[in-house]
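For reference, the chains in residue letters:
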Amino acid sequence: PNQPDFLYPASGDTSDYMYARFGVSSFGLEIGEDFYESCKLFEEEIVPSNLPALIYAAKVAKKPFTLGKGPDVFDLRVSRDSAANERILVSALASDSRMVNIKNYPKFTTGKQHIKEV
């Protein structure tokens, strides 16, 4: 069967069982090029290119059904207002599509959320 979104056919895995039996949301990431990678390749290429996705997965793990979609917050800055000591200025860039598209992969379309405040 033609499965354009997958590398090989599979019918069920532990993620399916965990969700069906316990309602636990889970997924598996297949990273790298081979089942057994060289340490050099793993440390110099695979970890740096996959670490943002792994950190994101860890962040949304506590509420996977509500935190799994953006917006993601980048460039968070906090500073004290020099004119008024009691005020703190907070600025950030919020994006609902920055973490979706990955270099050298097909472009995915996301819904545009009109973010006014976070």
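Everything numeric here is computed off the predicted structure, so don't read it as measured data. (Residues numbered from 1 in each chain as written. Predicted model: local features only at pLDDT ≥ 70, side-chain atom pairs only at ≥ 80, totals over all residues. Heavy atoms only, no water.)

## Some points on the overall build of the protein
In step 1: Counting its regular elements, the protein contains three helices and two strands.
In step 2: The burial tally for the protein puts 9% of its 118 residues in the buried class.
In step 3: Across the protein, every contact between residues at least 6 apart in sequence was considered, and the portion connecting residues at least 24 apart equals 21%.
In step 4: Total accessible area on the protein stands at roughly 10,900 Å², and carbon and sulfur atoms take up 56% of it. (Helix = DSSP H or I, 4+ residues; strand = E, 2+ residues; numbered from the N terminus. Buried < 20%, exposed > 50% of the residue type's maximum accessible area, 1.4 Å probe, protein only. Contact = heavy atoms within 4.5 Å. Areas by Shrake-Rupley, 256 points an atom, 1.4 Å probe, with all protein chains shown as cover.)

## Some words on unusual backbone geometry
Most peptide bonds take the trans form, and the phi angle of most residues other than glycine is negative.
In step 1: Backbone geometry places D75, a non-glycine residue, at a positive phi of 55 degrees.
In step 2: Position of D75 relative to the elements: it lies in strand β1 (residues 72-80).

## Focus: the confidence of the model for the protein
In step 1: The share of residues in the protein with pLDDT of 70 or more is 65%, and the mean pLDDT across the chain is 75.
In step 2: The least confident element of the protein, judged by mean pLDDT, is helix α3 (residues 64-67) at 72; the most confident is helix α2 (residues 39-60) at 87. (pLDDT = per-residue confidence, 0-100.)

## Quick look at the pattern of salt bridges
In step 1: Applying the stated criterion across every chain, the model contains one salt bridge.
In step 2: Where K40 meets E44, a salt bridge forms, and the shortest distance between an N and an O atom there is 3.1 Å. In this pair, K40 and E44 are both assigned in helix α2, four residues apart and thus about one turn of the helix distant. For the pair K40 and E44, one class covers both residues: exposed. (Salt bridge = Lys/Arg side-chain N within 4 Å of Asp/Glu carboxyl O.)

## Examining the packing of aromatic side chains
In step 1: In the structure shown here, the tally under the stated rule is one aromatic pair.
In step 2: Summarising the aromatic geometry, the rings of F35 and Y36 are spaced 4.9 Å apart at their centres and angled 85 degrees between planes, so their arrangement reads as edge-to-face. For the pair F35 and Y36, a shared accessibility class is recorded, and that class is exposed. (Phe/Tyr/Trp six-rings, centres within 6.5 Å; stacked < 30°, edge-to-face > 60°.)

## Some thoughts on a nonpolar patch on the surface
In step 1: A cluster of nonpolar side chains, F27, L29, I31, F42, L51, L54 and I55, forms an exposed patch at the surface whose accessible area comes to about 610 Å².
In step 2: Following the sequence through the fold, I55 ends up in helix α2. (Patch = residues over 30% accessible without salt bridge, like charges linked within 9 Å, V, L, I, M, F, W, Y side chains within 5 Å.)

## Some words on the environment of E45
In step 1: With respect to the element layout, E45 can be found in helix α2.
In step 2: Distance in space between the C-alpha atoms of E45 and G32 is 8.7 Å, their sequence separation being 13 residues.

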